[in-house]
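# Geometric and topological summary
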Amino acid sequence: MGSAYLFSILSTAAIFTLLALSLNIITGYAGQAMMGIAAFFGIGAYTAAIITVAGGNFWLALIVAIIVSGIFGVLLGVISLRLQADFLAITTIGINFVMAAVFNSLKITGGTLGLTTTKPMLFGTQMNNTSFFLVTLVFIVIVCLLITKMRHSWFGMALASIENDPGASRSFGINVNKYQILAFTIGTALAGLAGGLYSHRMGFISSSDFAFVVSIEIVSMCVIGGLGTLRGPIFGAVFLSILPEVLRFANDYRELVSALLLVIMVRFMPEGLLGDDSPVWKAIMKLWRKFVPKKKTRADLIVDDYLAEKGGKS
(Lines give C-alpha, C1' and ligand atoms only; values in the text may rest on other atoms or scores of the structure.)
Protein backbone atom coordinates (compact mmCIF):
# COMPACT_ATOMS: atom_id res chain seq x y z
CA MET A 1 0.00 0.00 0.00
CA GLY A 2 1.54 3.32 -1.12
CA SER A 3 1.80 6.28 1.23
CA ALA A 4 -0.37 8.43 -1.09
CA TYR A 5 -3.16 5.83 -0.99
CA LEU A 6 -2.79 5.41 2.79
CA PHE A 7 -3.05 9.14 3.46
CA SER A 8 -5.99 9.36 1.08
CA ILE A 9 -7.87 6.94 3.34
CA LEU A 10 -6.60 8.60 6.53
CA SER A 11 -7.56 12.11 5.42
CA THR A 12 -11.10 10.97 4.61
CA ALA A 13 -11.32 9.11 7.93
CA ALA A 14 -10.13 12.24 9.77
CA ILE A 15 -12.78 14.44 8.15
CA PHE A 16 -15.53 11.95 8.98
CA THR A 17 -14.18 11.72 12.53
CA LEU A 18 -14.66 15.47 12.86
CA LEU A 19 -18.18 15.09 11.45
CA ALA A 20 -19.00 12.24 13.86
CA LEU A 21 -17.81 14.36 16.80
CA SER A 22 -20.13 17.15 15.67
CA LEU A 23 -23.12 14.79 15.64
CA ASN A 24 -22.10 13.39 19.01
CA ILE A 25 -22.49 16.84 20.62
CA ILE A 26 -26.10 17.05 19.43
CA THR A 27 -27.19 13.44 19.88
CA GLY A 28 -24.70 11.95 22.33
CA TYR A 29 -24.45 14.80 24.83
CA ALA A 30 -27.68 16.77 24.33
CA GLY A 31 -29.85 13.74 23.49
CA GLN A 32 -31.44 15.32 20.40
CA ALA A 33 -32.53 12.97 17.58
CA MET A 34 -30.47 14.41 14.72
CA MET A 35 -30.76 12.41 11.49
CA GLY A 36 -29.76 15.04 8.93
CA ILE A 37 -26.20 16.07 9.80
CA ALA A 38 -25.18 15.70 6.13
CA ALA A 39 -27.27 18.79 5.30
CA PHE A 40 -25.01 20.99 7.47
CA PHE A 41 -21.97 19.11 6.21
CA GLY A 42 -23.07 20.18 2.74
CA ILE A 43 -23.79 23.77 3.76
CA GLY A 44 -20.24 24.12 5.04
CA ALA A 45 -18.78 22.38 1.98
CA TYR A 46 -20.60 24.55 -0.55
CA THR A 47 -20.05 27.76 1.42
CA ALA A 48 -16.28 27.24 1.55
CA ALA A 49 -16.14 26.05 -2.06
CA ILE A 50 -18.10 29.02 -3.41
CA ILE A 51 -15.82 31.46 -1.60
CA THR A 52 -12.57 29.88 -2.84
CA VAL A 53 -13.88 29.46 -6.40
CA ALA A 54 -14.57 33.21 -6.34
CA GLY A 55 -10.94 33.78 -5.36
CA GLY A 56 -11.29 33.94 -1.58
CA ASN A 57 -8.82 32.67 0.98
CA PHE A 58 -9.26 29.03 2.03
CA TRP A 59 -8.81 29.66 5.77
CA LEU A 60 -11.25 32.56 5.68
CA ALA A 61 -13.66 30.31 3.76
CA LEU A 62 -13.48 27.73 6.57
CA ILE A 63 -14.40 30.40 9.14
CA VAL A 64 -17.35 31.55 7.02
CA ALA A 65 -18.45 27.92 6.56
CA ILE A 66 -18.45 27.44 10.33
CA ILE A 67 -20.51 30.61 10.86
CA VAL A 68 -23.06 29.90 8.11
CA SER A 69 -23.58 26.29 9.22
CA GLY A 70 -23.89 27.47 12.83
CA ILE A 71 -26.57 30.01 11.84
CA PHE A 72 -28.59 27.27 10.16
CA GLY A 73 -28.02 25.22 13.32
CA VAL A 74 -29.57 27.99 15.41
CA LEU A 75 -32.66 27.85 13.19
CA LEU A 76 -32.87 24.08 13.59
CA GLY A 77 -32.36 24.48 17.35
CA VAL A 78 -35.31 26.85 17.53
CA ILE A 79 -37.43 24.41 15.53
CA SER A 80 -36.38 21.57 17.82
CA LEU A 81 -37.90 23.32 20.85
CA ARG A 82 -41.35 22.29 19.63
CA LEU A 83 -40.33 18.85 18.44
CA GLN A 84 -39.04 15.88 20.37
CA ALA A 85 -37.78 12.37 19.68
CA ASP A 86 -39.36 10.82 16.55
CA PHE A 87 -40.83 14.08 15.26
CA LEU A 88 -37.45 15.83 15.49
CA ALA A 89 -35.75 12.92 13.73
CA ILE A 90 -38.30 13.03 10.89
CA THR A 91 -37.89 16.81 10.60
CA THR A 92 -34.10 16.59 10.31
CA ILE A 93 -34.46 13.84 7.70
CA GLY A 94 -36.74 16.16 5.73
CA ILE A 95 -34.22 19.01 6.04
CA ASN A 96 -31.52 16.73 4.64
CA PHE A 97 -33.63 15.89 1.58
CA VAL A 98 -34.59 19.54 1.06
CA MET A 99 -30.98 20.77 1.25
CA ALA A 100 -29.79 18.03 -1.12
CA ALA A 101 -32.45 19.19 -3.61
CA VAL A 102 -31.36 22.82 -3.15
CA PHE A 103 -27.71 21.92 -3.78
CA ASN A 104 -28.80 20.07 -6.92
CA SER A 105 -30.83 22.94 -8.35
CA LEU A 106 -29.01 26.21 -7.61
CA LYS A 107 -26.70 27.68 -10.23
CA ILE A 108 -24.24 28.94 -7.60
CA THR A 109 -23.69 25.38 -6.33
CA GLY A 110 -23.14 24.02 -9.83
CA GLY A 111 -26.51 22.30 -9.99
CA THR A 112 -26.44 18.75 -11.27
CA LEU A 113 -22.91 19.26 -12.61
CA GLY A 114 -21.47 19.86 -9.15
CA LEU A 115 -18.72 22.26 -8.14
CA THR A 116 -14.98 21.93 -8.71
CA THR A 117 -12.52 23.32 -6.17
CA THR A 118 -8.78 23.86 -6.24
CA LYS A 119 -6.35 22.56 -3.63
CA PRO A 120 -5.48 25.34 -1.15
CA MET A 121 -1.94 26.40 -0.28
CA LEU A 122 -0.19 25.63 3.01
CA PHE A 123 3.21 27.21 3.77
CA GLY A 124 3.66 28.00 0.08
CA THR A 125 2.90 24.51 -1.23
CA GLN A 126 -0.32 22.99 -2.51
CA MET A 127 -2.05 20.80 0.07
CA ASN A 128 -2.15 17.07 -0.62
CA ASN A 129 -3.73 14.15 1.25
CA THR A 130 -0.96 14.13 3.85
CA SER A 131 -1.32 17.82 4.67
CA PHE A 132 -5.13 17.55 4.74
CA PHE A 133 -4.81 14.66 7.19
CA LEU A 134 -2.43 16.60 9.45
CA VAL A 135 -4.52 19.79 9.36
CA THR A 136 -7.71 17.85 10.11
CA LEU A 137 -5.92 15.98 12.89
CA VAL A 138 -5.04 19.30 14.51
CA PHE A 139 -8.70 20.33 14.34
CA ILE A 140 -9.74 16.98 15.88
CA VAL A 141 -7.32 17.45 18.80
CA ILE A 142 -8.60 21.00 19.39
CA VAL A 143 -12.24 19.83 19.23
CA CYS A 144 -11.54 16.93 21.63
CA LEU A 145 -9.88 19.30 24.11
CA LEU A 146 -12.81 21.71 23.89
CA ILE A 147 -15.35 18.89 24.33
CA THR A 148 -13.42 17.59 27.37
CA LYS A 149 -13.46 21.10 28.82
CA MET A 150 -17.16 21.41 28.00
CA ARG A 151 -18.08 18.14 29.71
CA HIS A 152 -16.51 19.31 32.96
CA SER A 153 -18.18 22.72 32.80
CA TRP A 154 -21.66 23.85 33.79
CA PHE A 155 -22.64 23.65 30.13
CA GLY A 156 -21.66 19.98 29.94
CA MET A 157 -23.45 19.13 33.18
CA ALA A 158 -26.56 20.92 31.91
CA LEU A 159 -26.47 18.90 28.67
CA ALA A 160 -26.08 15.66 30.64
CA SER A 161 -29.10 16.60 32.74
CA ILE A 162 -31.16 17.48 29.65
CA GLU A 163 -30.15 14.24 27.95
CA ASN A 164 -31.41 12.24 30.94
CA ASP A 165 -34.62 14.14 31.69
CA PRO A 166 -35.47 17.58 30.21
CA GLY A 167 -38.46 17.96 32.53
CA ALA A 168 -36.39 17.39 35.65
CA SER A 169 -33.75 19.80 34.30
CA ARG A 170 -36.35 22.54 33.98
CA SER A 171 -37.50 21.93 37.56
CA PHE A 172 -33.94 22.58 38.74
CA GLY A 173 -33.85 25.93 36.94
CA ILE A 174 -31.84 24.85 33.86
CA ASN A 175 -32.72 26.80 30.73
CA VAL A 176 -33.32 23.75 28.53
CA ASN A 177 -34.18 25.79 25.43
CA LYS A 178 -30.93 27.77 25.55
CA TYR A 179 -28.72 24.71 25.95
CA GLN A 180 -30.49 22.75 23.23
CA ILE A 181 -30.01 25.63 20.78
CA LEU A 182 -26.35 25.94 21.83
CA ALA A 183 -25.81 22.20 21.25
CA PHE A 184 -27.30 22.43 17.75
CA THR A 185 -25.26 25.53 16.99
CA ILE A 186 -21.93 24.04 18.08
CA GLY A 187 -22.60 20.67 16.44
CA THR A 188 -23.69 22.09 13.09
CA ALA A 189 -20.83 24.63 13.08
CA LEU A 190 -18.34 21.76 13.45
CA ALA A 191 -20.16 19.91 10.65
CA GLY A 192 -19.62 23.01 8.50
CA LEU A 193 -15.91 22.93 9.30
CA ALA A 194 -15.75 19.28 8.24
CA GLY A 195 -17.62 20.18 5.04
CA GLY A 196 -15.19 22.97 4.17
CA LEU A 197 -12.26 20.60 4.56
CA TYR A 198 -14.03 17.87 2.60
CA SER A 199 -14.87 20.01 -0.43
CA HIS A 200 -11.26 21.07 -0.90
CA ARG A 201 -9.76 17.71 -0.08
CA MET A 202 -11.97 16.03 -2.71
CA GLY A 203 -11.58 18.74 -5.36
CA PHE A 204 -15.16 18.19 -6.53
CA ILE A 205 -18.52 18.05 -4.74
CA SER A 206 -22.08 17.34 -5.82
CA SER A 207 -25.40 17.01 -4.02
CA SER A 208 -24.98 13.22 -3.77
CA ASP A 209 -22.05 13.76 -1.38
CA PHE A 210 -24.53 15.12 1.17
CA ALA A 211 -27.49 12.80 0.63
CA PHE A 212 -29.44 11.21 3.49
CA VAL A 213 -27.39 8.02 3.20
CA VAL A 214 -24.36 10.03 4.38
CA SER A 215 -26.26 11.08 7.51
CA ILE A 216 -27.06 7.42 8.20
CA GLU A 217 -23.38 6.59 7.79
CA ILE A 218 -22.39 9.23 10.36
CA VAL A 219 -25.10 8.03 12.77
CA SER A 220 -23.73 4.49 12.32
CA MET A 221 -20.24 5.70 13.23
CA CYS A 222 -21.48 7.20 16.49
CA VAL A 223 -23.77 4.29 17.40
CA ILE A 224 -21.22 1.56 16.62
CA GLY A 225 -18.47 3.40 18.50
CA GLY A 226 -20.59 4.58 21.42
CA LEU A 227 -22.66 7.75 21.76
CA GLY A 228 -21.85 10.22 24.51
CA THR A 229 -18.12 9.47 24.58
CA LEU A 230 -15.10 10.92 22.79
CA ARG A 231 -13.56 7.57 21.93
CA GLY A 232 -16.78 6.14 20.45
CA PRO A 233 -17.29 8.45 17.43
CA ILE A 234 -13.55 8.48 16.74
CA PHE A 235 -13.36 4.68 16.69
CA GLY A 236 -16.60 4.37 14.70
CA ALA A 237 -15.48 6.91 12.10
CA VAL A 238 -12.08 5.29 11.60
CA PHE A 239 -13.58 1.78 11.56
CA LEU A 240 -16.31 2.54 8.99
CA SER A 241 -13.93 4.61 6.86
CA ILE A 242 -11.44 1.76 6.62
CA LEU A 243 -14.06 -1.02 6.32
CA PRO A 244 -14.93 -0.28 2.64
CA GLU A 245 -11.25 -0.66 1.75
CA VAL A 246 -11.02 -3.96 3.62
CA LEU A 247 -14.19 -5.21 1.88
CA ARG A 248 -13.16 -3.99 -1.56
CA PHE A 249 -13.09 -7.63 -2.75
CA ALA A 250 -16.83 -7.76 -1.96
CA ASN A 251 -17.71 -4.38 -3.39
CA ASP A 252 -21.38 -5.26 -3.98
CA TYR A 253 -21.92 -6.13 -0.32
CA ARG A 254 -20.06 -3.32 1.47
CA GLU A 255 -23.18 -1.24 2.21
CA LEU A 256 -25.03 -4.39 3.27
CA VAL A 257 -22.30 -5.19 5.82
CA SER A 258 -22.38 -1.64 7.22
CA ALA A 259 -26.17 -1.72 7.55
CA LEU A 260 -26.05 -5.16 9.15
CA LEU A 261 -23.49 -3.95 11.70
CA LEU A 262 -25.75 -1.03 12.62
CA VAL A 263 -28.79 -3.30 13.10
CA ILE A 264 -26.76 -5.73 15.24
CA MET A 265 -25.40 -2.92 17.42
CA VAL A 266 -28.82 -1.31 17.95
CA ARG A 267 -30.37 -4.68 18.80
CA PHE A 268 -27.71 -6.29 20.98
CA MET A 269 -25.35 -3.52 22.10
CA PRO A 270 -27.08 -0.10 21.89
CA GLU A 271 -24.36 1.47 24.06
CA GLY A 272 -21.82 0.79 21.27
CA LEU A 273 -18.55 -1.09 21.27
CA LEU A 274 -16.74 1.51 23.38
CA GLY A 275 -19.64 3.10 25.27
CA ASP A 276 -19.40 3.55 29.03
CA ASP A 277 -21.71 0.57 29.71
CA SER A 278 -20.33 -1.62 26.92
CA PRO A 279 -19.05 -5.05 28.03
CA VAL A 280 -16.20 -4.62 25.54
CA TRP A 281 -15.13 -1.33 27.13
CA LYS A 282 -15.50 -2.75 30.63
CA ALA A 283 -13.29 -5.69 29.69
CA ILE A 284 -10.69 -3.32 28.23
CA MET A 285 -10.71 -1.17 31.37
CA LYS A 286 -10.49 -4.24 33.62
CA LEU A 287 -7.43 -5.43 31.70
CA TRP A 288 -5.98 -1.91 31.80
CA ARG A 289 -6.35 -1.67 35.58
CA LYS A 290 -4.29 -4.80 36.00
CA PHE A 291 -1.29 -2.95 34.59
CA VAL A 292 -2.16 0.62 35.61
CA PRO A 293 -3.92 0.79 39.00
CA LYS A 294 -6.32 3.67 39.43
CA LYS A 295 -4.82 6.56 41.37
CA LYS A 296 -6.73 7.35 44.52
CA THR A 297 -8.26 10.78 44.80
CA ARG A 298 -8.18 12.88 47.92
CA ALA A 299 -11.74 11.79 48.69
CA ASP A 300 -10.70 8.12 48.43
CA LEU A 301 -7.83 8.70 50.87
CA ILE A 302 -10.15 10.39 53.36
CA VAL A 303 -12.54 7.44 53.18
CA ASP A 304 -9.67 4.96 53.65
CA ASP A 305 -8.42 6.88 56.72
CA TYR A 306 -11.93 6.95 58.16
CA LEU A 307 -12.43 3.20 57.64
CA ALA A 308 -9.01 2.43 59.11
CA GLU A 309 -9.72 4.59 62.15
CA LYS A 310 -13.15 3.05 62.60
CA GLY A 311 -11.68 -0.47 62.31
CA GLY A 312 -9.01 0.34 64.90
CA LYS A 313 -11.58 1.55 67.42
CA SER A 314 -13.71 -1.54 67.04
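Quick notes on the rules
Residues numbered from 1 in each chain as written. Predicted model: local features only at pLDDT ≥ 70, side-chain atom pairs only at ≥ 80, totals over all residues. Heavy atoms only, no water. Phe/Tyr/Trp six-rings, centres within 6.5 Å; stacked < 30°, edge-to-face > 60°. Helix = DSSP H or I, 4+ residues; strand = E, 2+ residues; numbered from the N terminus. Buried < 20%, exposed > 50% of the residue type's maximum accessible area, 1.4 Å probe, protein only. Lys NZ or Arg CZ within 6 Å of the ring centre and 35° of its normal. Axes fitted to C-alpha atoms, helices over the stretch in contact; angles between N-to-C directions. Parallel < 35°, antiparallel > 145°, perpendicular 65-115°, else oblique. Left-handed = near helix turned anticlockwise from the far one by under 90°. Contact = heavy atoms within 4.5 Å. Nonpolar A, V, L, I, M, F, W, Y, C, P; charged D, E, K, R; others polar. Patch = residues over 30% accessible without salt bridge, like charges linked within 9 Å, V, L, I, M, F, W, Y side chains within 5 Å. Areas by Shrake-Rupley, 256 points an atom, 1.4 Å probe, with all protein chains shown as cover. Salt bridge = Lys/Arg side-chain N within 4 Å of Asp/Glu carboxyl O. pLDDT = per-residue confidence, 0-100. Arc of directions from axis to C-beta.

Turning to the packing of aromatic side chains, a few remarks are in order. On inspection of all chains with the given rule, the structure shows 13 aromatic pairs. When the ring of Phe-41 is compared with that of Phe-210, the centres are 5.3 Å apart and the planes differ by 75°; the resulting orientation is edge-to-face. One end of the pair, Phe-41, is in helix α2 (residues 37-53); the other, Phe-210, is in the loop between β4 (204-205) and α9 (212-225), with 169 residues separating them in the sequence. Classification of Phe-210 by relative accessible area gives buried; the value is 0%. These aromatic residues form a ring-pair network of at least three members: Phe-16, Phe-41, Tyr-46, Phe-103, Tyr-198 and Phe-210. Taking the ring centre of Trp-281 as reference, the NZ or CZ of Arg-231 above it sits at 3.8 Å.

With that settled, the discussion passes to the packing of α9 against helix α10 (residues 231-246). Where α9 meets α10, the closest approach of the two axes is 7 Å, and the angle between their N-to-C directions is 120°. The angle between the axes of α9 and α10 places the two elements in the oblique class. Between α9 and α10 the crossing geometry is right-handed. Here Glu-217, Ser-220, Met-221, Cys-222, Ile-224 and Gly-225 of α9 lie close against α10, whose contacting residues are Gly-232, Pro-233, Phe-235, Gly-236, Ala-237, Leu-240 and Ser-241. The class makeup of the residues in the contact of α9 with α10 is seven nonpolar, five polar and one charged.

On to a nonpolar patch on the surface. A cluster of nonpolar side chains, contributed by Leu-60, Ile-63, Ile-67 and Ile-71, occupies part of the molecular surface with about 380 Å² of accessible area. Relative to the helices and strands, Ile-63 is located in helix α3 (residues 58-80). Of the residues examined, Ile-63 reaches a relative accessible area of 47% and is grouped as partly exposed.

As enumerated under the stated definition, the model contains one salt bridge in all. Among the salt bridges present, the one from Arg-231 reaches Asp-276, with a minimum N-O distance of 2.6 Å. In this pair, Arg-231 is assigned in helix α10 and Asp-276 in the loop between α11 (254-268) and α12 (279-291), connecting sequence segments 45 residues apart.

The subject of this paragraph is the environment of Ile-90. For Ile-90, the position within the fold is in helix α4 (residues 85-105). Looking at Ile-90, the relative accessible area reads 57%, which means it is exposed. Expressed as a C-alpha distance, the spacing of Ile-90 and Met-34, which sit 56 residues apart in the sequence, is 8.8 Å.

Next up on the list: unusual backbone geometry. One non-glycine residue, Phe-123, adopts positive backbone phi at about 55°. Its location among the elements puts Phe-123 in the loop between β2 (121-122) and β3 (125-126). Classification of Phe-123 by relative accessible area gives exposed; the value is 81%.

Our focus in this paragraph is the confidence of the model for the protein. Confidence in the prediction of the protein, expressed as mean pLDDT, is 85, and 90% of residues score 70 or more. Across the protein, the secondary-structure element scoring lowest on mean pLDDT is helix α13 (residues 298-313), at 64, and the one scoring highest is α2, at 94.

With that out of the way, let us pick up helix α6 (residues 154-164). The set of residues buried in α6 consists of Phe-155, Gly-156, Ala-158, Leu-159 and Ile-162. Buried residues in α6, looked at end-on, bunch into an arc of 160°, giving them a common side. Seen from the open side of α6, the exposed residues pointing more than 90 degrees away from its buried face are Trp-154 and Asn-164. In this structure, the buried side of α6 is in contact with α1 (3-29), α5 (129-151), α7 (166-171) and α8 (176-202).

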